[in-house]
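Residues per chain, in single letters:
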Amino acid sequence: MSKLEIRDLHVSVNTDEGAKPILHGVDLTINSGETHAIMGPNGSGKSTLAYSLAGHPKYEITGGAVLLDGDDVLAMTVDERARAGLFLAMQYPVEVPGVSVSNFLRTAKTAVDGEAPKLRTWMKDLKGAMAELKMDEAFINRNVNEGFSGGEKKRHEIVQMELLKPKFAILDETDSGLDVDALRVVSEGINHAKETTNSGVLLITHYTRILRYVKPDFVHVFVDGRIAEEGGSELAEKLEAEGYESYVGSKAA
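Residues numbered from 1 in each chain as written. Predicted model: local features only at pLDDT ≥ 70, side-chain atom pairs only at ≥ 80, totals over all residues. Heavy atoms only, no water.

Caption draft 1: Structural detail: the confidence of the model for the chain. For the chain, the mean per-residue pLDDT works out to 92, and 98% of the residues sit at or above 70. Least confident of the elements in the chain is helix α8 (residues 245-252), whose mean pLDDT is 67; most confident is strand β5 (residues 71-72), at 97. (pLDDT = per-residue confidence, 0-100. Helix = DSSP H or I, 4+ residues; strand = E, 2+ residues; numbered from the N terminus.)

Below, the structure written as structure tokens:
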């Protein structure tokens, strides 16, 4: 059983005008096998939390702590965080011209595990993960995300989760830009990866539709860089019916 602890996290983003505070004291604990959904309006700091945990250099930690099984995540480099068991599925996956999906994934798996996977079992695992996400095997030899549709990019992110087997997966608006069919396939991939690895999942989203397929154990409402309310799946249903106006309105008042 692993544990990811976020304690009183304060984060600023570097802009042309100087440092701008975004997160104002976030407290959150995720255990293995749990799914936590973070929901909130645009500009509330949800993606800042994701990228700060992953170690993006644009974001400066100004206070607080992040611990993974007691180890100081904030003292780790980006690659050390990945080897420790953190995984980030990006909202906008980037294209990597000249690097095939096969080489990219095997290199990533080797870096995370500290040894190269055996080629025969690796190809079986890779093809199995692609099939789980309903991706044609032809994608194996294509350049990473180059010419992929939005849905194909998101499926490829979850293929990575399936193969890298992280302790904790941070999914930054993985549902954005997906039609109903692609959303269902991606959600099934997330559920399968979680079930086979017992990963903890931090699922960041604007909308409740993905939560119909990926059932959250906990829902956190994120407003103005803080968690404004916490609850179970019933909180997502409340947000579906009422939106975020009451939270934003109470902050403005």
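Caption draft 2: Representation of the nonpolar core in the model. In this structure, V159 and L171 are the most contacted members of the largest nonpolar core, which totals 43 residues. Counting residues per element, this core draws most heavily on helix α6 (residues 180-197), which supplies six residues. Residues within four places of V159 in sequence aside, it is in contact with L105, A129, M130, L133 and M135. One finds A50, Y51, I170 and L202 within the second-largest nonpolar core, a separate group that totals 26 residues. (Core = buried A, V, L, I, M, F, W, Y, C linked by side-chain atoms within 4.5 Å. Buried < 20%, exposed > 50% of the residue type's maximum accessible area, 1.4 Å probe, protein only. Contact = heavy atoms within 4.5 Å.)

Caption draft 3: Main features of the sheet that holds strand β6 (residues 86-89). Pairing is mixed across the open sheet formed by six strands, whose spatial order is β6-β9-β10-β3-β11-β12. Two strands lie at the open edges of the sheet, namely β6 and β12 (226-231), each paired on one side alone. Between one strand axis and the next, the sheet turns through 20 degrees on average, direction left out of account. Across four bridges, the pairing between strand β3 (residues 35-39) and strand β11 (residues 218-223) is parallel. Paired with A37 across the two strands is V219, which belongs to β11. Helix-sheet contacts for helix α5 (residues 150-164) involve β6, β9 (168-172) and β10 (200-205), and the interaxial angle to β6 is about 165 degrees. (Pairing = 2+ DSSP bridges. Axes fitted to C-alpha atoms, helices over the stretch in contact; angles between N-to-C directions.)

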